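An overview of the molecular structure
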Amino acid sequence: MIELRPHSELGGAHHGWLDTRHHFSFAEYYDPNRMHWGNLRVWNDDTIAPQSGFPRHPHRDMEIITYVRKGAITHQDNLGNRGRTEAGDVQVMSAGTGIAHSELNEEDEATQIFQIWIMPNETGLPPAWGTKPFPKGERSGSFVTLASGLPGDDEALPIRTDARLVAATVEAGQSVEYRIAEGRKVYLVPASGKIEINGVVASAGDGVAISDEVLLKVSAHEDSELVLVDVA
């Protein structure tokens, strides 16, 4: 089953410094049919104005992945971590027993991010944070795993959940494939471009909720950037 969730139909809000769209119920947006997808709880599409961002705030018992689409985001937390993550890279935060952090756009241009929350396998663990640059060329024409809690994904940033985040860039006319293990769900969002997934066409910002499929064939109608989460 493949369900298209058009960007124009997502929840969201405008806060001046922040333009946000919610794929799942979040903050003041509530849809009982879009509470989660497997253990994927939040997928927010955020555009953050220059020299602004999220001031320090707490999290607990959640795996939080930030995929930077444009610009850069600067993280700072109460554990002493500080780091800047640029477009195409990810940072991960295991909130565990509690962490307080800020995420600021310290750049002179707007920053665009996907912020993705996945429920952890186990609660009450110590908090942690990490970021890592990934060679952009490696994901040209193929999916590359950037964050994962699954066995064998040793090169990816670790998360404490039964999930994997992958990304790919696909030129117009190219195709990529992703195989789905039995019983798992996938949520895919084109960060840019226009694609076709097993016959369903999706444009930039659309959500694609996938279940009971074995193989995804993704063909690019335009040069596209894809972000996919594979969850239990």
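Placed above this text is the structure.
Residues numbered from 1 in each chain as written. Predicted model: local features only at pLDDT ≥ 70, side-chain atom pairs only at ≥ 80, totals over all residues. Heavy atoms only, no water.

In this section: empty space enclosed by the protein. As enumerated under the stated definition, the model contains two cavities of 30 Å³ or more in all. Roughly 40 Å³ of volume is contained in the largest cavity. Lining the largest cavity, in full, are Ile 64, Ile 65, Thr 66, Gln 91, Val 92, Met 93, His 101, Glu 103, Gln 115 and Trp 129. Sorting the residues of the lining of the largest cavity by element identifies strand 6 (63–70), strand 9 (90–94) and strand 10 (99–105) as the ones contributing at least two each. (1 Å grid on protein atoms, 1.4 Å probe; cavity = no way out; pocket = protein on both sides within 12 Å on 5 of 7 lines; lining within 4 Å. Points joined across faces, edges and corners; volume = space filled by probe spheres on them. Helix = DSSP H or I, 4+ residues; strand = E, 2+ residues; numbered from the N terminus.)

Take the sheet that holds strand 12 (residues 128–132) next. Note on sheets: strands pair through backbone hydrogen bonds, and any given pair is parallel or antiparallel. Across the sheet, seven strands lie side by side as 2-3-4-11-6-9-12; this open sheet has antiparallel pairing. Sheet topology places strand 2 (11–14) and strand 12 at the edges, where each strand pairs with a single neighbour. The sheet shows a mean angle of 15° between the axes of neighbouring strands, direction not considered. Note that strand 9 and strand 12 share five bridges and pair antiparallel. Among the inter-strand pairings, Ser 94 is bridged to a residue of strand 12, identified as Ala 128. (Pairing = 2+ DSSP bridges. Axes fitted to C-alpha atoms, helices over the stretch in contact; angles between N-to-C directions.)

One finds Leu 40, Trp 43, Ile 65, Ile 116 and Leu 165 to be the most contacted residues of the largest nonpolar core, which totals 27 residues. When residues of this core are traced back to their parent elements, those giving at least two are strand 4 (40–48), strand 6, strand 9, strand 11 (111–118), strand 13 (144–148), strand 15 (163–170), strand 17 (185–192) and strand 22 (224–231). When near neighbours in sequence (up to four residues on either side) are disregarded, Trp 43 contacts Arg 21, His 22, His 23, Phe 24, Phe 114, Gln 115, Ile 116, Tyr 187, Val 189, Val 227 and Val 229. If you look at the next biggest cluster of nonpolar residues, it comprises 20 residues, including Ile 2, Ala 168, Val 170 and Leu 188. (Core = buried A, V, L, I, M, F, W, Y, C linked by side-chain atoms within 4.5 Å. Buried < 20%, exposed > 50% of the residue type's maximum accessible area, 1.4 Å probe, protein only. Contact = heavy atoms within 4.5 Å.)

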